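Observations on the model geometry
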Protein chains: 2
Amino acid sequence: MKELPTYQSLVDSFAKLPGIGAKTAERLAFSVLEMKEEDAKQFAQAIEDAKAKVHPCPVCGLYTEEETCDVCHDPSRDHSTCIVVAKAKDALSFEKLNDYHGVYHVLGGLLSPSKGIGEGELKIDQLLSRAKSEGFKEVVIATNPTLEGETTALYLARLLQKERIEASRLAYGLPVGANLDYADALTLQRALKGRKKL
Amino acid sequence: MKELPTYQSLVDSFAKLPGIGAKTAERLAFSVLEMKEEDAKQFAQAIEDAKAKVHPCPVCGLYTEEETCDVCHDPSRDHSTCIVVAKAKDALSFEKLNDYHGVYHVLGGLLSPSKGIGEGELKIDQLLSRAKSEGFKEVVIATNPTLEGETTALYLARLLQKERIEASRLAYGLPVGANLDYADALTLQRALKGRKKL
């Protein structure tokens, strides 16, 4: 059986997605072949539409279909508190809590000398100028608890402190529902250090 | 943050794919937003092209971009041996061996009274008429070794034997490289039953 070029280019497109390997890409491409005509059309249209209509908000970097995102132009939100995230997707997790009413700032990555990502590659200047113009009182740095996330958080904290803006970091500790048996030493150490009075 | 309708419809499209849950669909939709413009266009185009150009071969059911598939219209292949598979994708695994030179027949599923799939839903009549018109000498039934796959294989074997066509089944046994410790009892039993002289 010769390879079908259109099928193969569909497999290639799927394989470019994160976390999709060669086998899964084939499985997904086959499922498109077996899809209803209208579902496939809708899928293709959804990709084109999303790419054409959705773009990062020029102020904070969240995705939006309008000029600025609805977090930035919502006067009922607290514009003096800002959560800083590495990627726009991370902000979504906070929004789902329905418990945070401040604004966001997307860095667009994390500092990583080994990958050649310095402060120039991230939206750090924009964060500082927003901090002044919007009058941030507190900036919560919500980068991942990894080496790169930590480095970026410390770097940002120092810059913010120079401007006399409070910088905070998400708490470390045991995830809710976790089992002490399975907690790694570092997490346990942090949970102990950060213990709270009852 | 309000939900973005175009983003949401992209998430929905991804979530319709097999094995893609809600979280993964979101991750994939985000990766499309972060894709290069041309990659996204290519992806959408690939879906439309695949759906428009690729269709099942009217003879055997393999996917093709031409009138009939290249296995069916290849005179150098052995048209007296036919592998019967449940889905077109299964044939791909045999083609990748580069070791089988017969033809294929796609049933389009497996007999399953509980799911309401009877012989009328599968391309069984077409298999029998091909067996006569193309002069099949051997039909290798390569359905999955599951209850439904077995039932379908036995059913087909009886029909074929009535027409005096040899029906065979893929061998059961230990997968190459497997560990005896981890083999289930049924597989081990079949491997013992099917033992071969050295």
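Remember, predicted model here, so these are calculated numbers, not experimental data.

Notes on the overall build of chain A
- Each helix and strand counted, chain A has seven helices and six strands in total.
- Helices and strands in chain A line up, N terminus first, as α-α-α-β-β-β-α-β-α-β-α-β-α.
- Rg of the C-alpha trace for chain A: 21 Å, well past the compact-globule value of 16 Å for 198 residues, more than 25% over.
- Dimensions of chain A, computed from C-alpha atoms along their principal axes, come out at roughly 65 × 50 × 35 Å.
- Sorting the 198 residues of chain A into buried and exposed places 41% on the buried side.
- Partitioning the contacts of chain A with sequence separation of at least 6, the portion at a separation of at least 24 is 45%.
- When the accessible surface of chain A is summed, it comes to about 11600 Å², and 54% of that surface belongs to carbon and sulfur atoms.

Some thoughts on the sheet that holds strand 4 (residues 103–106) of chain A
Residues and elements named next belong to chain A.
- One open sheet holds the four strands; their spatial order is 4-3-5-6, and the pairing between them is parallel. The outermost strands of the open sheet, each flanked by one partner alone, are strand 4 and strand 6 (166–169). The mean inter-strand angle of the sheet, taken between neighbouring strand axes irrespective of direction, is 25°.
- Pairing of strand 3 (residues 81–85) with strand 5 (residues 138–141) involves four bridges; the strand directions are parallel. Bridging across to strand 5, isoleucine 83 finds its partner in valine 140.
- Along the sheet, helix 5 (residues 124–133) makes contact with strand 3 and strand 4, crossing strand 4 at roughly 155°.

A few points about the interface of chain B and chain A
- With 53 residues of chain B in contact, the opposing surface of chain A contributes 53 residues.
- Summed over both sides, the interface between chain B and chain A buries roughly 5300 Å², with carbon and sulfur atoms accounting for 65% of that surface.
- The interface formed by chain B and chain A contains six salt bridges.
- A salt bridge links Glu26(A) to Lys96(B); the shortest N-O distance between them is 2.9 Å.
- Joining chain B to chain A, the criterion identifies 15 residue pairs in polar contact (both at pLDDT 80 or more).
- At the level of elements, helix 1 (5–15), helix 2 (22–33), helix 3 (37–53), strand 2 (63–64) and helix 4 (88–97) of chain B are the ones that each hand at least two residues to the side of chain B that touches chain A.
- Here the side of chain B that touches chain A gets 13 residues from one element, more than from any other, and that element is helix 3 of chain B.

Topic: the pattern of salt bridges
- Applying the stated criterion to the full structure yields 16 salt bridges over all chains.
- Glu148(A) is the salt-bridge partner of Lys115(A), the closest N and O atoms lying 3.6 Å from each other. Taken together, the positions of Lys115(A) in the loop between strand 4 and helix 5 and Glu148(A) in helix 6 (residues 147–162) put the pair 33 residues apart, joining distant regions of the chain.
- What makes Glu148(A) partly exposed here is its relative accessible area of 24%.
- Across the salt bridge formed by Glu150(A) and Arg169(A), the nearest N and O atoms sit 2.5 Å from each other. Of the two residues, Glu150(A) is situated in helix 6 and Arg169(A) in strand 6; the sequence distance between them amounts to 19 residues.
- The partly exposed category is assigned to Arg169(A), whose relative accessible area is 25%.
- A single network of salt bridges, built from pairs that share partners, joins Glu26(A), Lys89(B) and Lys96(B).

With respect to the side chain of Thr152(B)
All names here are of chain B.
- With respect to the helices and strands, threonine 152 occurs in helix 6 (residues 147–162).
- For threonine 152, a relative accessible area of 0% gives the class buried.
- Within the structure, the side chain of threonine 152 is placed 2.6 Å from the backbone oxygen of glutamate 148, a separation counted as a polar contact.
- Ignoring sequence-local partners within four residues, the contact set of threonine 152 consists of Leu107, Leu110 and Leu111.

Concerning the domain arrangement of chain A
- Segmentation of chain A into domains returns domain 1 (5–53) and domain 2 (76–197).
- The gap between the C-alpha centroids of domain 1 of chain A and domain 2 of chain A is 34 Å.

Describing a nonpolar patch on the surface
Residue and element names in this part refer to chain A.
- The grouping of Leu174, Leu180 and Leu188 at the surface amounts to a nonpolar patch, some 250 Å² of accessible area in total.
- Along the chain, leucine 174 falls in the loop between strand 6 and helix 7 (185–193).
- Accessibility expressed as a relative area gives 39% for leucine 174, which makes it partly exposed.

Describing the relation of the copies chain B and chain A
- Mapping chain B onto chain A calls for a screw motion: a turn of 180° about the axis and a shift of 0.0 Å along it, with 0.1 Å RMSD after fitting. Look at the turn and shift together and you get a two-fold axis relating the two. For chain B, the smallest separation between a C-alpha atom and the rotation axis is recorded for Ala44(B), amounting to 2.2 Å.

Things to note about the pairing of strand 3 of chain A
Residues and elements named next belong to chain A.
- Here strand 3 lies mainly inside the structure; five of its five residues are buried.
- Covered by surrounding structure in strand 3 are Thr81, Ile83 and Val85 together with Cys82 and Val84, the residues of both alternating faces.
- In this structure, strand 3 lies alongside strand 4, joined through four bridges in parallel fashion. Following the sheet pairing, valine 84 is matched in strand 4 by histidine 105.
- Between the parallel pair strand 3 and strand 4, the chain is carried across by helix 4 (residues 88–97), and the sense of this crossover is right-handed.

Parameters at a glance
- As a convention, each chain's residues are numbered from 1 in the sequence order in which they are written.
- Think of it this way: whatever chain is written first is A, whatever ligand is written first is 1, and the rest follow in order.
- Reporting in this predicted model follows two pLDDT cut-offs: at least 70 for local features of residues, and 80 or more for side-chain atom pairs to be given and counted; totals over whole chains, interfaces and linings ignore these cut-offs and use all residues.
- The basis for every side-chain value is the complete set of non-hydrogen atoms in the structure, without hydrogens or water.
- To qualify as a helix, a DSSP run of H or I must reach at least 4 residues; to qualify as a strand, a run of E must reach at least 2; elements of each kind are numbered from the N terminus.
- The size measure is the radius of gyration over C-alpha atoms, and the globule rule it meets is 2.2 Å times the number of residues to the 0.38 power.
- Think of it in three bands: residues with accessible area under 20% of the maximum for their type are buried, residues over 50% are exposed, and the middle band is partly exposed, with areas taken using a 1.4 Å probe on protein chains only.
- Should any heavy atoms of two residues lie within 4.5 Å, those residues are considered in contact.
- Computed with a 1.4 Å probe, the accessible areas rest on the Shrake-Rupley method; for each residue, only the protein chains presented here act as cover.
- Any two strands between which DSSP finds at least two bridges are classified as paired.
- In this analysis an axis means a line fitted to C-alpha atoms, helices contributing only their contacting stretch, and an angle means the value between N-to-C directions, from 0 to 180 degrees.
- Computed with a 1.4 Å rolling probe, the buried area is the accessible surface lost when two parts are put together, summed over both parts.
- One side-chain nitrogen of Lys or Arg within 4 Å of one carboxyl oxygen of Asp or Glu is enough to make a salt bridge.
- In protein, a polar contact requires one atom able to donate a hydrogen and another able to accept it; more generally it is a pair of N or O atoms within 3.5 Å, and residues adjacent in sequence count only if both atoms are side-chain atoms.
- For the domains described, the bounds stem from an automatic or database domain assignment.
- Here the term patch refers to residues with relative accessible area over 30% and no salt bridge, with like charges joined within 9 Å and nonpolar side chains (Val, Leu, Ile, Met, Phe, Trp, Tyr) within 5 Å.
- C-alpha atoms of residues with pLDDT of at least 70 in both copies form the basis for the least-squares superposition of the copies.
- Handedness of a crossover is defined as follows: with both strands directed away from the viewer, a clockwise route from the first strand across the helix to the second makes it right-handed.

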